[in-house]
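Close look at the chain arrangement
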Amino acid sequence: MTNPAFAATMTLLLLWWPAHNILLAAFAWRTGRPRRSAAARGEGLEFWIVIPALNEERVVGNTVRNALSLGTERNPVRVLVIDDGSDDGTPDVLREVTDPRLHVLRRELPQARQGKGEALNAGYRYILRLCEAEGSVPKTIVGIIDGDGRGSPGMLREVADVFGDRGVGAVQCRVRIHNRRSVLALLQDLEFGAVADASQSLRDLAGSVGMGGNGQFSRLGVLRRFDPAPWSDCLVEDLELGLRLHVAGIRMRYVKSAWVTQQGLVDLPRLLRQRTRWAQGNLQCARHLRKLLASRHVGSIGLLDFLAYLVTPWLTVPLSLVVSLLFVGTLVASWSGVTLGGLIAPPSALPGAALLGVVVLLVPGLVWAVVHRLRLGEEPLHRCLLAGLLYPGFLVLGVIATWRALFRVLARRNSWTKTERLSEDETVPAGVA
């Protein structure tokens with residue numbers, strides 16, 4: 001006979017996962033708009049868009065032209081490309097762009113290739129010197145777009161409207177994937193465009209918005225508070241900057257009406273390498289827990305969210321071990337009839353338990369597939385549902401990446417080979433929203 005307390009606990013844990021995703025999905029419909037008076041104060045803000053570039057010859061030309069096109073008379077833009085020691089055709093591509101608003105900061109070895117954070121710090125210091133000489137620091141906003149990024153039309157107006165509230169120090173835009181022909185890339189768009197969007201919408205209410213590497217904007221005056229190096233050598237320097245801003249009491253907002261698209265990875269080995277780097281960076285960020293707990297600027301709900309996504313990576317490995325042991329124990333019980341003192345259901349109950357497990361496993365992905373279809377409307381329903389059915393495997397990839405990241409942390413390995421970009425003719429610049 002199955003242990004009743006254990007069975008009830010396991011049932012609650014099983015139901016928590018789909019229930020959590022269903023509740024979170026409701027925030028995909030939230031739209032946070034600035035007050036009209038605040039939006040009016042966004043006029044006159046000036047933007048610098050920083051593009052870190054290391055061997056980006058395949059994409060950087062289109063990225064620069066897109067960034068320059070985002071400026072308006074209301075919110076002018078200048079673009080700074082940080083060429084971090086490229087040894088491909090990146091410098092030649094940049095020389096072909098003759099717009100006077102384009103600035104190129106070339107870094108040479110051994111200073112170059114010290115990580116994205118160091119490149120961004122060099123760009124920040126370059127912009128700060130110019131703006132201090134102009135006296136424009138108070139009205140300057142610094143945005144980051146990766147070498148493969150594309151800003152949405154009207155993005156700077158949307159961002160400026162939020163910065164019209166002088167209490168806002170940083171803004172994170174929505175992120176999408178623009179080469180979604182493969183199911184693997186569509187899964188990444190499901191993650192960014194639906195799951196992460198709903199999560200950030202909730203965090204916008206809770207006061208715990210996270211910063212991403214693409215589409216992040218900060219006041220230059222805010223970055224100056226962390227002079228001379230706002231970004232660290234953390235493998236997710238973007239997320240860590242956001243945590244430092246929260247600890248310092250700087251308000252951050254999330255904007256889904258402005259977005260940046262980027263290339264998705266279309267083969268598993270490169271995707272696993274990318275996710276391992278992200279997972280290792282997330283493990284590194286746990287060092288900020290003590291400061292978050294001690295900060296008087298972090299509210300209780302926001303703190304719970306920080307605890308959840310900073311502690312979870314460290315729990316992934318032991319929890320995956322527990323799940324694997326339970327799965328093996330269930331297989332042994334079905335073969336031998338041994339229930340381990342009632343911890344494992346008897347063979348007669350296994351078919352029902354297996355059916356419940358499959359339903360619980362598939363429901364979250366299907367929920368996000370429906371959200372993607374209804375909210376974005378760009379992919380046919382059958383492709384969304386296929387991505388939803390494959391979503392559990394996508395999550396397993398994240399678990400494997402966390403295992404690899406933990407071994408790298410234990411081995412004190414922090415070096416990385418940059419992921420190679422796809423040629424632009426291999427991508428579809430879809431009209432995303």
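What counts as what
- Residues numbered from 1 in each chain as written.
- Predicted model: local features only at pLDDT ≥ 70, side-chain atom pairs only at ≥ 80, totals over all residues.
- Heavy atoms only, no water.
- Core = buried A, V, L, I, M, F, W, Y, C linked by side-chain atoms within 4.5 Å.
- Buried < 20%, exposed > 50% of the residue type's maximum accessible area, 1.4 Å probe, protein only.
- Helix = DSSP H or I, 4+ residues; strand = E, 2+ residues; numbered from the N terminus.
- Pairing = 2+ DSSP bridges.
- Polar contact = N/O pair within 3.5 Å; in protein donor to acceptor, adjacent residues only side chain to side chain.
- Contact = heavy atoms within 4.5 Å.
- Axes fitted to C-alpha atoms, helices over the stretch in contact; angles between N-to-C directions.
- Parallel < 35°, antiparallel > 145°, perpendicular 65-115°, else oblique.
- Left-handed = near helix turned anticlockwise from the far one by under 90°.
- Nonpolar A, V, L, I, M, F, W, Y, C, P; charged D, E, K, R; others polar.
- Salt bridge = Lys/Arg side-chain N within 4 Å of Asp/Glu carboxyl O.
- UniProt positions renumbered as here; feature names shortened; annotations may be inferred.
- Right-handed = clockwise from strand over helix to strand, strands pointing away.
- Phe/Tyr/Trp six-rings, centres within 6.5 Å; stacked < 30°, edge-to-face > 60°.
- Patch = residues over 30% accessible without salt bridge, like charges linked within 9 Å, V, L, I, M, F, W, Y side chains within 5 Å.
- Areas by Shrake-Rupley, 256 points an atom, 1.4 Å probe, with all protein chains shown as cover.
- pLDDT = per-residue confidence, 0-100.

**Quick notes on the nonpolar core**
- Ranked by size, the top nonpolar core spans 32 residues in total, and within it Phe47, Ile49, Val64, Met155, Val159 and Phe217 carry the most contacts.
- Counting only elements with at least two residues in this core, the list comes to strand S1 (46-53), helix H3 (60-69), strand S2 (77-83), helix H4 (90-95), helix H6 (155-163), strand S6 (168-177) and strand S8 (251-262).
- Top contributing element to this core by residue count: H6, with six residues.
- Formed by 29 residues, the second largest nonpolar core is a distinct cluster that contains Leu80, Ala119, Leu220 and Ile250.

**Describing the sheet that holds S6**
- Read across the sheet, eight strands follow the order S3-S2-S1-S4-S7-S6-S8-S5 without closing on themselves; strand pairing throughout is mixed. In this open sheet, the two edge strands, each paired with only one partner strand, are strand S3 (102-106) and strand S5 (150-151).
- In terms of strand pairing, S6 meets S8 through nine bridges, oriented parallel. Pairing of valine 168 across the sheet is with arginine 251, part of S8.

**Some points on the side chain of arginine 107**
- Take arginine 107: it is sitting in the loop between S3 and helix H5 (116-134).
- Judged by relative accessible area, arginine 107 falls into the buried class, the value being 12%.
- A distance of 2.8 Å separates polar atoms of two side chains, one belonging to arginine 107 and the other to aspartate 84.
- A polar atom in the side chain of arginine 107 sits 2.7 Å from the backbone oxygen of glutamine 111.
- What arginine 107 contacts, discounting residues up to four positions off in sequence, is Ile82, Asp83, Asp84, Gly85, Ala112, Glu118, Ala119 and Ala122.

**Considering the packing of helix H10 (residues 268-285) against helix H14 (residues 381-410)**
- One can describe the packing of H10 onto H14 by two numbers: an axis separation of 7 Å at closest approach and a directional angle of 60°. Here H14 runs oblique to H10, going by the angle between their axes. Handedness of the crossing formed by H10 with H14: right-handed. Contacts between H10 and H14 involve Leu268, Leu271, Leu272, Arg273, Arg275, Thr276, Ala279, Gln280 and Leu283 from the first element and Phe394, Leu397, Ile400, Ala401, Thr402, Arg404, Ala405, Leu406, Arg408 and Val409 from the second.
- The residue makeup of the contact of H10 with H14, split by class, is twelve nonpolar, three polar and four charged.

**Examining the pattern of salt bridges**
- Per the counting criterion, the structure on display carries 30 salt bridges.
- A salt bridge links glutamate 46 to lysine 139; the nearest nitrogen and oxygen atoms lie 3.2 Å apart. Residue glutamate 46 is found in strand S1, and its partner lysine 139 is found in the loop between H5 and strand S4 (140-144); the two are separated by 93 residues along the sequence.
- A single network of salt bridges, built from pairs that share partners, joins Arg176, Arg180, Asp189, Glu378, Glu379 and Arg383.

**Observations concerning unusual backbone geometry**
- Residue proline 110 is reached from leucine 109 by a cis peptide bond, and omega for that bond is 10°.
- Cis geometry marks the peptide bond from aspartate 227 to proline 228; its omega dihedral reads 5°.
- The residue proline 228 is located in the loop between helix H8 (220-224) and helix H9 (237-247) in this model.
- The backbone of asparagine 55 shows a phi angle near 55°, a positive value even though the residue is not glycine.
- In this fold, asparagine 55 is placed in the loop between S1 and H3.
- The class of asparagine 55 is partly exposed, set by a relative accessible area of 28%.

**Topic: the UniProt feature "transmembrane region" (unreviewed entry) in the protein**
- Listed under "transmembrane region" (unreviewed entry) in the UniProt record, and renumbered for this structure, are residues 6-29, 297-315, 321-345, 352-371 and 391-411.
- The straight-line gap between the two end C-alpha atoms of residues 297-315 is 27 Å; of that span, 84% is helix and 0% is strand.
- With 95% helix and 0% strand, residues 391-411 has end C-alpha atoms that lie 31 Å from one another.

**Things to note about the pairing of S3**
- In this sheet, S3 lies alongside S2 in parallel orientation, the contact comprising five bridges. Paired with aspartate 83 across the strands is arginine 106, a residue of S3.
- In this fold, S2 hands off to H4, which returns the chain to S3; that crossover is right-handed.

**Looking at H3**
- Extensive coverage of H3 is indicated by the burial of seven of its ten residues.
- Along H3, the positions that sit buried rather than exposed are Val60, Gly61, Thr63, Val64, Asn66, Ala67 and Leu68.
- Contacts from the buried residues of H3 go to S1, S2, H4, S3 and S5.

**Digging into the packing of aromatic side chains**
- The full count for this structure, using the stated rule, is six aromatic pairs.
- Here phenylalanine 192 and tryptophan 278 contribute two aromatic rings whose centre-to-centre distance is 6.3 Å and whose plane-to-plane angle is 70°, an arrangement assigned as edge-to-face. Taken as a pair, phenylalanine 192 in helix H7 (residues 183-206) and tryptophan 278 in helix H10 lie far apart in primary sequence, 86 residues in all.
- Residue tryptophan 278 is classed as partly exposed on the basis of its relative accessible area of 24%.
- When the centroid spacing of 5.9 Å and the interplanar angle of 70° are considered together, the rings of phenylalanine 306 and tyrosine 309 count as edge-to-face.

**Side note on a nonpolar patch on the surface**
- A contiguous nonpolar patch, built from Trp29, Val370, Leu374, Leu381 and Leu385 and spanning about 460 Å² of accessible area, is present on the exposed surface.
- When residues of the nonpolar patch are traced back to their parent elements, those giving at least two are helix H13 (350-376) and H14.
- Its place among the elements puts tryptophan 29 in the loop between helix H1 (4-25) and helix H2 (36-41).
- Classification of tryptophan 29 as partly exposed rests on a relative accessible area of 44%.

**Observations regarding the confidence of the model for the protein**
- Mean pLDDT over the protein stands at 90; residues scoring 70 or higher make up 88%.
- Below pLDDT 50 for its whole length, residues 426-433 participates in 24 contacts with residues either more than four positions away or in separate chains.

**Quick word on the environment of glutamate 56**
- Tracing the backbone shows glutamate 56 in the loop between S1 and H3.
- Through-space distance from the C-alpha of glutamate 56 to that of leucine 422 is 9.7 Å; in sequence the pair is 366 residues apart.
- Not counting residues up to four positions away in its chain, the partners in contact with glutamate 56 are Asp88, Thr90, Gly147, Lys418 and Arg421.
- Among the polar contacts listed, one links the side chain of glutamate 56 to the side chain of arginine 421, at a separation of 2.8 Å.

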